[in-house]
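So you can see what is in the structure, the chains are spelled out below.
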Amino acid sequence: MKIEKQLSPPEELKQKPTDVLKVPFGTVFTDHMFSMQYSSGTWHDAKIHRYAPLSLSPAALCLHYGQGIFEGMKAYRRGERILLFRPAKNFERLNQSAHRMVMPNIDVDFALDVLMELLRVEHSWVPDVAGSSLYIRPTMIGTQAKLGVKPSDEYLFYIILSPVGPYFKEGFSPVHIYLSTEHVRAVRGGVGVAKTMGNYAASLFAGTKASEVGYSQVLWLDALERKYLEEVGTMNIFVKFDDELVTPPLSGTILAGITRDSVLTLTKDMGLKVNERQVSIDEVIEGIASGKVVEMFGCGTAAIIAPVGSLWYNDKPYTVSNGKTGKLTQHIFDELTGIQSGEREDRYGWIVEVD
Ligand SMILES: Cc1ncc(COP(=O)(O)O)c(C=O)c1O
């Protein structure tokens, strides 16, 4: 499919932020976006055009029944080079989410071509300050105007871009994580495995509880027994017990994080003992008391690696790693951000360059 371009004239381009590190995450958008429509069983009208509000029927199915999915990825600048980190994985995951939400697939190679073209157009928006990047948000929504619960016959797929600094205002410093014992994020057989909008709406209530005690993210426990760690708001979770690094398995209720997969590869290659197994909250709390829990961190595209400095559980705070960033956490952060920014050797072929 041909990608049509309707670019803004130079005099209408936006002013770029003078200090991207000071811009709150995800609040500034570039001049252009990509969009394409789906109807009668095919994608069509692929175009790069001015970033602009969408025109949707108030009866669009996505607005009422939540048929919407998205992805999050980043482009990094190294001089004149623009680098992407495992971008095909995001479009493959978008298709998995689409399957679960009864939405059409997109062709992964076409989506990559589109993204490359959009990044060529918006090249100058990829910031060059350490710790910054251009956040990429591919999104798909059901747009058919109909009141009634059914899969939409029409869809919109679009990609918007946002120059960003660190996800947490603390930057790469230990974050405070609130354990939700009252609410759950996802149940087995539900949609926790998909990157779909309702999962994030469902997390907001516990998020407000976390903010009330000054904590920034929610750590979810499994819905059935309220016992095993699942994942954090926008991150997967790792715990280091003595010499064993552990992360919960992909049991169908958590997102299969691309950063999680990359951390597993890096740490296994380092010769660490790494296990994907269930971790109970009791094991963590006892491990913090006995000193067996030496480090804990979250990982995801937005924050990359976030050391956990404390946990709030059953109305009590528990300090992890003396509230500091652990050695392994720091090492993984350096290695991953080094590969992503092109400063360290890409031994795994994870980097795709915009040509
Ligand atoms: C719920 C959830 N878990 C985990 C992750 C981490 O996934 P990734 O490393 O692919 O960004 C994200 C972010 O996309 C997320 O929203």
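Reading guide: rules and limits
Residues numbered from 1 in each chain as written. Predicted model: local features only at pLDDT ≥ 70, side-chain atom pairs only at ≥ 80, totals over all residues. Heavy atoms only, no water. Helix = DSSP H or I, 4+ residues; strand = E, 2+ residues; numbered from the N terminus. Buried < 20%, exposed > 50% of the residue type's maximum accessible area, 1.4 Å probe, protein only. Contact = heavy atoms within 4.5 Å. Areas by Shrake-Rupley, 256 points an atom, 1.4 Å probe, with all protein chains shown as cover. Lys, Arg positive; Asp, Glu negative; His and termini not counted. Charge placed at Lys NZ, Arg CZ, Asp CG, Glu CD. Core = buried A, V, L, I, M, F, W, Y, C linked by side-chain atoms within 4.5 Å. Near = heavy atom within 4 Å. Polar contact = N/O pair within 3.5 Å; in protein donor to acceptor, adjacent residues only side chain to side chain. Expected span 1.5 Å × (residues − 1). Bend = angle between axes of the 7 residues up to and from the residue. Pairing = 2+ DSSP bridges. Domains from an automatic or database assignment. Buried area = accessible area lost by both parts, 1.4 Å probe. Patch = residues over 30% accessible without salt bridge, like charges linked within 9 Å, V, L, I, M, F, W, Y side chains within 5 Å. Salt bridge = Lys/Arg side-chain N within 4 Å of Asp/Glu carboxyl O.

(A) Main features of the overall build of the protein chain. Within the protein chain, the regular secondary structure consists of seven helices and 18 strands. In the protein chain, which comprises 355 residues, the share counted as buried stands at 52%. Sequence separation of at least 24 residues holds for 71% of the intrachain contacts in the protein chain that already meet a minimum separation of 6. Surface summary for the protein chain: the accessible area is close to 16,000 Å², and the carbon and sulfur share equals 51%. Seen as two clouds, the 37 positive and the 42 negative side-chain charges of the protein chain have centres 2 Å apart.

(B) Expanded view of the nonpolar core. Ranked by internal contacts, the top residues of the largest apolar core, which has 37 residues, are Phe34 and Phe157. No other element matches helix α3 (residues 108-121), which puts nine residues into this core. Excluding its chain neighbours within four sequence positions, the residues that come into contact with Phe157 are Phe34, Ser35, Met36, Trp43, Phe91, Leu94, Ile106, Pro138, Thr139 and Met140. Core analysis: the next-biggest nonpolar cluster, separate from the first, contains 27 residues, Leu179, Met235, Val246 and Val308 among them.

(C) Structural context of unusual backbone geometry. Backbone geometry places Arg86, a non-glycine residue, at a positive phi of 50 degrees. Position of Arg86 among the secondary structure elements: in the loop between β6 (81-85) and α2 (87-100). Here Ile304, not a glycine, exhibits a phi torsion of approximately 65 degrees, which is positive. As for its placement among the helices and strands, Ile304 is situated in strand β16 (residues 304-313).

(D) Molecular detail of the site of the ligand. Close contacts around the ligand come from 16 residues, with Lys195, Tyr200, Glu231, Thr259 and Thr301 the closest. Contact between the ligand and Lys195: an oxygen atom at 2.7 Å from a side-chain N or O atom of the residue. Measuring from an oxygen atom of the ligand, one finds a side-chain N or O atom of Thr301 at 2.6 Å. When the free accessible area of the ligand is taken as 380 Å², the share hidden by the protein chains comes to 97%. Broken down by secondary-structure element, the contributors of at least two residues to the shell around the ligand are α5 (258-269) and β15 (293-300).

(E) Focus on helix α4 (residues 197-212). In this model α4 runs 24 Å from its N-terminal to its C-terminal C-alpha over 16 residues, within 8% of the 22 Å that 1.5 Å per residue would give. Roughly 35 degrees is the biggest bend found in α4, and it falls at Leu204. For α4, the secondary structure elements touched by its buried residues are β4 (68-70), β9 (175-180) and β10 (217-221).

(F) Geometry of the pairing of strand β12 (residues 236-241). Where burial is concerned, most of β12 is hidden: six out of the six residues are buried. Burial of β12 is two-sided: the residues Asn236, Phe238 and Lys240 facing one way and the residues Ile237, Val239 and Phe241 facing the other way are all buried. As paired elements, β12 and β15 share six bridges and run antiparallel to each other. By the bridge assignment, Val239 is partnered in β15 with Met296. Counted between consecutive antiparallel strands, the loop separating β12 from strand β13 (residues 244-247) contains two residues, among which Asp242 sits at a positive phi close to 40 degrees.

(G) Broad picture of the environment of Phe238. Tracing the backbone through its elements, the reader meets Phe238 in strand β12. Apart from residues no more than four positions distant in its own chain, Phe238 is found in contact with Leu245, Val246, Thr247, Arg260, Val263, Leu264, Glu295, Met296, Phe297 and Cys299.

(H) Seen up close, α3. Given a rise of 1.5 Å per residue, 14 residues ought to cover 20 Å, and the 20 Å separating the end C-alpha atoms of α3 matches this to within 8%. For α3, the set of buried residues is Val108, Phe110, Ala111, Leu112, Val114, Leu115, Met116, Glu117, Leu118 and Leu119. A distance of 3.1 Å separates the backbone nitrogen of Asp109 from a side-chain oxygen at the start of α3, and that oxygen is part of Asp107.

(I) Region of interest: the domain arrangement of the protein chain. Domain boundaries assigned for the protein chain yield domain 1 (4-164) and domain 2 (175-340). Taken together, the 23 residues of domain 1 in the interface contact 20 residues of domain 2. For the domain 1 and domain 2 pair, buried surface summed over both sides reaches about 1,800 Å², with 62% attributable to carbon and sulfur atoms. A per-residue breakdown of the area domain 1 buries against domain 2 is headed by Phe70, Phe85 and Arg93, which together make up 33% of the total.

(J) Structural view of the environment of Val218. Residue position: Val218 is located in strand β10. We classify Val218 as buried; its relative accessible area is 6%. Remark: the alpha-carbon pair of Val218 and Pro317, spanning 99 residues in sequence, is separated by 14 Å. Ignoring any residue separated from it by four or fewer positions in sequence, one finds Val218 in contact with Ile177, Tyr178, Ser180, Ala206, Gly207, Ala210, Glu231, Val232 and Gly233.

(K) Region of interest: a nonpolar patch on the surface. A cluster of nonpolar side chains, namely Tyr65, Leu147 and Val149, defines an oily patch on the protein surface of about 350 Å² accessible area. For Leu147, the location among the structural elements is in the loop between β7 (133-142) and β8 (155-164). Among the residues examined, Leu147 registers a relative accessible area of 59% and is labelled exposed.

(L) Local environment of the pairing of strand β3 (residues 42-50). Direction of pairing for strand β1 (residues 4-6) relative to β3: parallel, over a ladder of three bridges. Considered in β3, the bridge of Lys5 is made with Ile48. In this sheet, β3 lies alongside strand β2 (residues 32-39) in antiparallel orientation, the contact comprising seven bridges. The residue bridging Phe34 from the neighbouring strand is Ile48, located in β3. Linking two consecutive strands that pair antiparallel, namely β2 and β3, is a turn of two residues; a positive phi of about 45 degrees is found at Ser40 within it.

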